Amino acid sequence: MHVKILNNCIGCSACVQINPEIFEIFNNYAVVNDFYIENNEELCIDASLECPVGAIIVEMN
Ligand code: SF4
């Protein structure tokens, strides 16, 4: 799985609250810690669905 953040992110932190191992806010913008995606795939999908601006793109390998 690959997770990326589009540049329309508004830094609302919803993804961080859902999945703090994967997402963090840096300079008012979400960034992804790829190292922890494995075994956290469902929470990545949940965060993608909850993002208010659809900025989290989840790509299945
Ligand atoms: S939920 Fe979406 S808009 Fe909010 S910080 Fe995460 S990526 Fe950005």
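Attention in this report is confined to the structure presented alongside it. (Residues numbered from 1 in each chain as written. Predicted model: local features only at pLDDT ≥ 70, side-chain atom pairs only at ≥ 80, totals over all residues. Heavy atoms only, no water.)

Some remarks on the overall build of the protein
And step 1. Scanning the protein from terminus to terminus reveals 2 helices and 4 strands.
And step 2. Scaling as 2.2 N^0.38, a compact globule of 61 residues should have a C-alpha radius of gyration of about 10 Å, and the protein matches this with 10 Å.
And step 3. The dimensions of the protein, computed from C-alpha atoms along their principal axes, are 25 × 20 × 15 Å.
And step 4. Per-residue burial for the protein yields a buried fraction of 25% across its 61 residues.
And step 5. Counted over contacts in the protein with a minimum sequence separation of 6, partners at least 24 positions apart contribute 56%.
And step 6. Within the structure as shown, the protein displays about 4000 Å² of accessible surface, and the carbon and sulfur contribution to it stands at 49%. (Helix = DSSP H or I, 4+ residues; strand = E, 2+ residues; numbered from the N terminus. Rg over C-alpha atoms; globule rule 2.2 N^0.38 Å. Buried < 20%, exposed > 50% of the residue type's maximum accessible area, 1.4 Å probe, protein only. Contact = heavy atoms within 4.5 Å. Areas by Shrake-Rupley, 256 points an atom, 1.4 Å probe, with all protein chains shown as cover.)

Focus: unusual backbone geometry
It is generally the case that most residues other than glycine have a negative phi and that most peptide bonds are trans.
And step 1. Located in the positive-phi region is Ser13, a residue other than glycine, with phi close to 75°.
And step 2. Inspection of the secondary structure assignment puts Ser13 in the loop between strand 1 (2-5) and helix 1 (14-18).
And step 3. Residue Ser13 is classed as partly exposed on the basis of its relative accessible area of 23%.
And step 4. At Asn28, a residue that is not glycine, the phi angle is positive and equals roughly 65°.
And step 5. Along the polypeptide, Asn28 turns up in the loop between strand 2 (23-26) and strand 3 (29-32).

Points about the packing of aromatic side chains
And step 1. Per the counting criterion, the structure on display carries 1 aromatic pair.
And step 2. Aromatic pair Phe35 and Tyr36: ring centres 5.1 Å apart, planes at 90°, arrangement edge-to-face.
And step 3. Of the residues examined, Phe35 reaches a relative accessible area of 67% and is grouped as exposed. (Phe/Tyr/Trp six-rings, centres within 6.5 Å; stacked < 30°, edge-to-face > 60°.)

Comments concerning the pairing of strand 3
And step 1. Pairing between strand 2 and strand 3: 4 bridges, direction antiparallel. Each bridged residue has a counterpart across the sheet, and for Ile25 the counterpart in strand 3 is Ala30.
And step 2. Taken together, strand 2 and the strand that follows it, strand 3, pair antiparallel across an intervening segment of 2 residues, in which Asn27 is found at a positive phi of about 55°. (Pairing = 2+ DSSP bridges.)

Quick word on the side chain of Asn19
And step 1. Positionally, Asn19 belongs in the loop between helix 1 and strand 2.
And step 2. The exposure class of Asn19 is buried, given its relative accessible area of 1%.

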